[in-house]
Amino acid sequence: MLLFRDEEHVARYGQNRGVSMTTEQAWRLADAWYRDRADPGWRRKTAAEAEAVFASIGLTGDFWRLG
Amino acid sequence: MTELDFTTSVRLQVIETARDTGRVPDAAEVAKLLGRPDAEVIDAFHRLADAHVYVLEPSDPHRIRMANPFSAVPTPFAVDANGRNYFGNCVWDALGILSLLGGDGRVETHCPDCREPLRLEVRGGRLTPSTGVVHFGVAARHWWDDIVHT
């Protein structure tokens with residue numbers, strides 16, 4: 001997962017496949033994914049739980065499906 | 001202590017050492033800190049790798065390559081937080097380090113295309129206004145097919 005200057009640079013780099021998101025979405029994804037990582041009771045999310053996190057920040061569709 | 005409890009102890013010790021030093025510890029260091037044999041820690045490393053929590057160095061199971069979100073090796077995703085420096089495995093993980101450490105700090109990277117330096121800053125748990133787009137080239141279900149290159 002890379003940070004590009006803008007979509008034009010994504011295309012120029014040859015990343016014509018995949019999905020882009022805003023930096024705000026990336027922060028929200030990172031925060032939801034890692035905020036509790038140092039909790040003793042942390043466990044890896046199930047596919048359904050992970051998809052729910054993606055959906056909560058607007059990441060939906062086949063690209064984000066795990067199951 | 002059960003195997004599960006010990007694996008959790010190892011996982012938490014790795015995070016604590018990474019957080020406090022900016023360095024992902026190896027098995028010998030974790031074993032010393034926990035007062036247990038190296039072999040038990042290496043077994044826990046393998047359990048965590050099997051569970052897709054760690055990626056170990058292929059040629060040396062004593063060493064972790066990725067203890068998500070921390071990278072044990074330098075990457076283009078440098079993190080500055082709490083007066084220390086860290087490396088994330090990707091921009092998602094670099095932001096994840098900021099979250100894990102309390103939500104204040106900076107990610108310094110560059111556009112892979114034009115090499116322009118890019119910075120993301122988080123203050124008080126909020127991303128400050130920033131430019132750039134984050135691109136995922138691999139669909140979620142294939143991330144762990146080759147996680148190092150995802």
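The paragraphs below set out a description of the structure included in this document.

Calculation notes
Residues numbered from 1 in each chain as written. Chains lettered and ligands numbered in written order. Predicted model: local features only at pLDDT ≥ 70, side-chain atom pairs only at ≥ 80, totals over all residues. Helix = DSSP H or I, 4+ residues; strand = E, 2+ residues; numbered from the N terminus. Rg over C-alpha atoms; globule rule 2.2 N^0.38 Å. Buried ≥ 20, exposed ≤ 12 C-beta atoms within 10 Å, placed from the backbone. Contact = placed C-beta atoms within 7 Å. Nonpolar A, V, L, I, M, F, W, Y, C, P; charged D, E, K, R; others polar. Pairing = 2+ DSSP bridges. Arc of directions from axis to C-beta. Expected span 1.5 Å × (residues − 1). Axes fitted to C-alpha atoms, helices over the stretch in contact; angles between N-to-C directions. Left-handed = near helix turned anticlockwise from the far one by under 90°.

## Some words on the overall build of chain B
- Each helix and strand in chain B was counted, giving four helices and nine strands.
- Reading the secondary structure of chain B in the N-to-C direction produces α-α-α-β-β-β-β-β-α-β-β-β-β.
- Against the 2.2 N^0.38 benchmark of 15 Å for 150 residues, chain B shows a C-alpha radius of gyration of 16 Å, consistent with a compact globule.
- Principal-axis analysis of the C-alpha atoms places the extent of chain B at approximately 45 × 35 × 20 Å.
- A buried classification covers 39% of the 150 residues belonging to chain B.

## Considerations on the interface of chain B and chain A
- Counting residues at the interface gives 35 residues for chain B, matched by 36 residues for chain A.
- Within the residue set of the side of chain B that touches chain A, elements represented by two or more residues are helix 1 (3-21), helix 4 (91-100), strand 7 (117-123) and strand 9 (133-136) of chain B.
- Residue classes in the side of chain B that touches chain A are distributed as 23 nonpolar, nine polar and three charged.
- Two strands pair when backbone bridges link them, and strand 1 (residues 2-4) of chain A and strand 9 of chain B are joined in this way by three bridges, in the antiparallel orientation. Residue pairing across strands places A:L2 opposite B:H135, the latter belonging to strand 9 of chain B.

## A short note on helix 2 (residues 27-34) of chain B
- Among the residues making up helix 2 of chain B, those that are buried are B:A27, B:V30 and B:A31. What you see down the axis of helix 2 of chain B is that its buried residues fit within an arc of 100°, all on one side.

## Topic: helix 3 (residues 38-50) of chain B
All names here are of chain B.
- With 13 residues, helix 3 should reach 18 Å at 1.5 Å per residue; the first-to-last C-alpha distance of 18 Å fits that figure.
- Within the sequence span of helix 3, burial applies to V41, I42, A44, F45 and L48. Buried positions in helix 3, seen along its axis, are confined to an arc of 160° and lie on one side of it. For helix 3, the exposed residues set more than 90 degrees away from the buried face come down to A39 and D50.
- Trailing helix 3 by a residue or two, H52 shows a phi angle of about 60°, which is positive.

## Concerning the sheet that holds strand 2 (residues 60-67) of chain B
All names here are of chain B.
- Ordered in space as 1-2-3, the three strands form an open sheet in which the pairing is antiparallel. At either end of the open sheet lies a strand with only one pairing partner, and these are strand 1 (54-57) and strand 3 (70-71).
- Here strand 1 pairs with strand 2 via four bridges, running antiparallel. Along strand 2, the bridge assignment pairs V55 with M66.
- Helix 3 rests against strand 1 and strand 2 of the sheet, and its axis sits at about 125° to strand 1.

## Re the sheet that holds strand 1 of chain A
- Strand order in this open sheet of three strands is 1(A)-9(B)-2(A), and the pairing throughout is antiparallel. Looking at the sheet topology across the chains shown, the edges are occupied by strand 1 and strand 2 (19-22) of chain A. Between one strand axis and the next, the sheet turns by 35° as a mean value, whatever way the strands run.
- Relative to the sheet, helix 2 (residues 23-34) of chain A contacts strand 2 of chain A together with strand 9 of chain B, its axis offset from that of strand 2 of chain A by approximately 90°.

## Details of the packing of helix 2 of chain B against helix 3 of chain B
Residues and elements named next belong to chain B.
- The contact between helix 2 and helix 3 brings their axes to 8 Å, and the two run at 115°. You can see that helix 2 and helix 3 cross each other, and the crossing is right-handed. In contact with A27, A28, V30 and A31 of helix 2, helix 3 contributes D38, V41, I42 and F45.
- Considering only residue class, the contact of helix 2 with helix 3 consists of seven nonpolar, no polar and one charged.

## Digging into the environment of B:F87
- Mapping B:F87 onto the fold places it in strand 5 (residues 84-87).
- Sequence separation of B:F87 and B:V122 is 35 residues, and the distance between their C-alpha atoms is 16 Å.

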